[in-house]
Amino acid sequence: MAQRGVTRTKVLATARLLFQRQGYHATGVNQILEEADAPKGSLYFHFPGGKQQLATEAVTLGAQELGELIDAVIDDAPDPASAVRTIADLLAKQLEDSDFLDGCPITTVALEAGGSDPIRDACRAGYDRWLISIADAFVGAGLRRIEATELAMVVLSTIEGGLLLARTRRDAALLRTVAAHVADQVAAALLKHRGTAKPPS
């Protein structure tokens, strides 16, 4: 039983990486099993829904891992603007360390997920998870929820776009540059809020 659990975990981790790097259509079941060193019949034993179930769970796993990283950075950062810079810097380093193979754990699959409701829903849930974490940080710094949510959308969209551009051009400095600009935007929004907030009576 323990070996079965190990095989499932290994197949899922391998699929997460391959889908992240290659996308859904370019990643075959045989490649996943070969790189996971898993028996040929193990895919449908562990994932009865086949490749679609595997991709759905792989996206969910990737989103969870990045979400935990975002939460940890936010908890450790002195302020939300610093957190934005740190998140982008960690993603940039991951790009560099992987020779520009490892971008966002969701984006490559999300671009191809139009025909699959489970995969699309998993991608959306992942993005929502990150948005909520970032927005919560802005709320904690004093912004109203609606302002925090809108700003979080700007931050996440900017980092996602910067990550894709950096990966395509093989230049992580691009991601750090756009992140620095959006971090300045975050700092300005928080400073403006503090300047307009009513003092306690």
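These figures come from a predicted structure and were not determined experimentally.

What counts and how
Residues numbered from 1 in each chain as written. Predicted model: local features only at pLDDT ≥ 70, side-chain atom pairs only at ≥ 80, totals over all residues. Heavy atoms only, no water. Salt bridge = Lys/Arg side-chain N within 4 Å of Asp/Glu carboxyl O. Helix = DSSP H or I, 4+ residues; strand = E, 2+ residues; numbered from the N terminus. Buried < 20%, exposed > 50% of the residue type's maximum accessible area, 1.4 Å probe, protein only. 1 Å grid on protein atoms, 1.4 Å probe; cavity = no way out; pocket = protein on both sides within 12 Å on 5 of 7 lines; lining within 4 Å. Points joined across faces, edges and corners; volume = space filled by probe spheres on them. Core = buried A, V, L, I, M, F, W, Y, C linked by side-chain atoms within 4.5 Å. Contact = heavy atoms within 4.5 Å. Nonpolar A, V, L, I, M, F, W, Y, C, P; charged D, E, K, R; others polar.

(A) Structural view of the pattern of salt bridges. By the definition in use, this model includes 13 salt bridges. The partner of D184 in a salt bridge is R85, with the nearest N and O atoms 2.9 Å apart. You can see D184 sitting in helix α9 (residues 173-196) and its partner R85 sitting in helix α5 (residues 80-97), a full 99 residues away along the chain. We classify D184 as partly exposed; its relative accessible area is 44%. Of the residues examined, R85 reaches a relative accessible area of 35% and is grouped as partly exposed. Here R176 ties to E96 by a salt bridge, and the two come within 3.1 Å at their closest N and O atoms. Note that R176 is positioned in helix α9 and E96 in helix α5, a separation of 80 residues in sequence. Of the residues examined, R176 reaches a relative accessible area of 29% and is grouped as partly exposed. One connected set of salt bridges, linked through shared partners, spans D89, E96 and R176.

(B) Region of the structure containing the layout of surface pockets. For the largest pocket, the calculated volume is near 190 Å³. Lining the largest pocket are 13 residues, with R16, Q20, L66, L91 and Q94 sitting closest to its centre. For the lining of the largest pocket, the elements supplying multiple residues, two or more each, are α1 (2-22), α4 (50-76) and α5.

(C) Here's a closer look at the nonpolar core. Among the nonpolar cores identified, the biggest contains 58 residues, and F19, L54 and F138 are the most heavily contacted of them. Those residues in contact with F19, other than ones at most four positions away along the chain, are Y24, T27, I32, K51, L54, A55, A58, T108 and V109.

(D) Layout of the environment of V11. In this fold, V11 is placed in helix α1. Considered as a pair, V11 and I32 are 21 residues apart in the sequence and their alpha carbons are 6.8 Å apart. Those residues in contact with V11 that lie beyond four places of it in its chain are I32, L33, A36, A38, F47 and L54.

(E) How the structure looks around empty space enclosed by the protein. Counted by the stated rule, this structure contains two cavities of 30 Å³ or more. A volume near 80 Å³ is recorded for the largest cavity. Around the largest cavity, the lining residues are L66, I70, I87, L91, C104, P105, W130, I134, L156, I159, E160 and L163. Looking at the lining of the largest cavity, the elements with two or more residues in it are α4, α5, α7 (117-140) and α8 (145-169). Broken down by element, the lining of the largest cavity gets its largest block of residues, four residues, from α8. Residue classes in the lining of the largest cavity are distributed as eleven nonpolar, no polar and one charged.

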